[in-house]
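# Summary of the model geometry
Chain residues, written in single-letter form:
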Amino acid sequence: MGFSTIAIHAGNEPDIATGAVSVPIYQTSTYAQDGLGRHKGYEYARTQNPTRSALEKNIAALEGARFGYAFASGMAATDAVLKLVRSGDHVILGDNTYGGTFRLFNKVLSNYGIEFDLVDTTEATNLEQAFKPNTKMVFVETPTNPVMSVTDLQAVSEIAHQRGVRVVCDNTFMSPYLQRPIDFGVDIVVHSTTKYLNGHSDSVGGFVALNDEKDAEWIQFIQNSVGAILSPFDSFLVLRGTKTLAVRMEAHDKNGRQVASFLAEHPKIQKVYYPGLVSHPQHELAKRQQKGFGGMVAFETGSLDNAKKVLESVKLCILGESLGGVESLISHPATMTHASVPIEKREQLGITDGLVRISVGIEDVEDIISDLDQALG
Ligand SMILES: *Cc1c(COP(=O)(O)O)cnc(C)c1O
């Protein structure tokens, strides 16, 4: 079956009790049991909820995974995955992951004896030197936020698997419509469903998709034991969101390409970061690994002053954190999403004070471009 068919039907069977075509919001904390030890598979809503189960089936199917678990946020999902490693284990972390992911390693997991090293995984061979006898996981994000560096998922998976190490990919920027990491050998996919999967800037959530049965059992155990579950209402919203994922991603991709081309030709802009541009250093890899280039574009204005002018002059694009919604959002990574990344690291990655990031929405592209044009003027 094709992607859109799966998106609309997987997990979305008509309700058994009423025939409701949309999976109802099962807003309940507990379930009546038929007798001692006899129930319908639902005992308590932290452990099982039908709306959440429907979403879990749906996104797992979209990622080509056997198992899927929905969490209260992308960070809760990432944290659950990191509970596959223990004190004394070592993790190789891509050096340009989402700021909150770095913060989780640097400020939280480090207190629990989990070692990590940052590695530029855009050269897969850089990984070779980074393995230690206690390395248990490689965690990457591609394309990265906000400079859109691309990591070769197949090459990274091969190198890690030779050493029996699992690979995790944060697939938030692409969504399963544009990139399916498991097809390239990745073991575990994590998402912030807050972004493209939900797609309407009205829910915070996270997801873990994977094939390994033992790891899946542990993730489910963590989901229930720690309890950072996605609520029934948020599960409903994301399930509604994924039904249109294909058409939305096509539109984000189309608009993203046009906005990137416009910016690349603008005399006031020094540099544009977008894997769809032929000038992008990993354009060929992106073409191979992704079905499109998506709606995330970053550009260099040269200074904090210039960035500030653009960010405060836009009228249609909304100044704000987050991404992946139908509306165009514009942000300043250095002071917003990446404020928790040390300044030296930011500079090394190209996250300068003049860098501006746009999550290109699905409005009419002429309107987005004319808004940017007036703001740059
Ligand atoms: C937003 C984001 C996260 C964190 O997700 P939350 O839902 O905000 O907790 C993780 N990774 C990436 C790439 C993100 O954009």
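Residues numbered from 1 in each chain as written. Predicted model: local features only at pLDDT ≥ 70, side-chain atom pairs only at ≥ 80, totals over all residues. Heavy atoms only, no water.

### Thoughts on the packing of helix 2 (residues 50–62) against helix 8 (residues 232–242)
Where helix 2 contacts helix 8, the two axes come as close as 8 Å, and the packing angle between them is 35°. With respect to the hand of their crossing, helix 2 and helix 8 are arranged in left-handed fashion. Between helix 2, through T51, R52, A54, L55, N58, I59 and L62, and helix 8, the contact on the second element is made entirely by P232, S235, F236, V238, L239 and T242. Residues of the contact of helix 2 with helix 8, tallied by class, amount to 8 nonpolar, 4 polar and 1 charged. (Axes fitted to C-alpha atoms, helices over the stretch in contact; angles between N-to-C directions. Helix = DSSP H or I, 4+ residues; strand = E, 2+ residues; numbered from the N terminus. Left-handed = near helix turned anticlockwise from the far one by under 90°. Contact = heavy atoms within 4.5 Å. Nonpolar A, V, L, I, M, F, W, Y, C, P; charged D, E, K, R; others polar.)

### Overview of the nonpolar core
As a rule of thumb, nonpolar side chains are buried together in soluble globular proteins. Judged by nonpolar contacts, the single largest core of 50 residues is most densely connected at F131, V138 and L245. Mapping this core onto the domain boundaries places at least three of its residues in each of domain 1 (3–243) and domain 2 (245–376). Leaving out residues up to four positions away in the same chain, F131 has contacts with I92, V138, I159, A160, R163 and V165. By size, the runner-up hydrophobic cluster in this structure holds 29 residues, among which are V259, L263, I269 and V360. (Core = buried A, V, L, I, M, F, W, Y, C linked by side-chain atoms within 4.5 Å. Buried < 20%, exposed > 50% of the residue type's maximum accessible area, 1.4 Å probe, protein only. Domains from an automatic or database assignment.)

### What to know about the packing of helix 9 (residues 245–264) against helix 13 (residues 365–376)
The geometry of helix 9 relative to helix 13 is characterised by a closest axis approach of 10 Å and an angle of 30° between their N-to-C directions. With respect to helix 13, the element helix 9 is oriented roughly parallel. Viewed along their axes, helix 9 and helix 13 form a crossing whose handedness is right-handed. Contact residues: N255, Q258, V259, F262 and L263 in helix 9; V365, I368, I369, L372, D373 and L376 in helix 13. Taken together, the residues of the contact of helix 9 with helix 13 break down into 8 nonpolar, 2 polar and 1 charged. (Parallel < 35°, antiparallel > 145°, perpendicular 65-115°, else oblique.)

### Structural notes on the side chain of S157
As for its position among the elements, S157 is in helix 5 (residues 153–162). Residue classification places S157 among the buried positions, given a relative accessible area of 2%. Those residues in contact with S157, other than ones at most four positions away along the chain, are V167, F184, G185 and V186.

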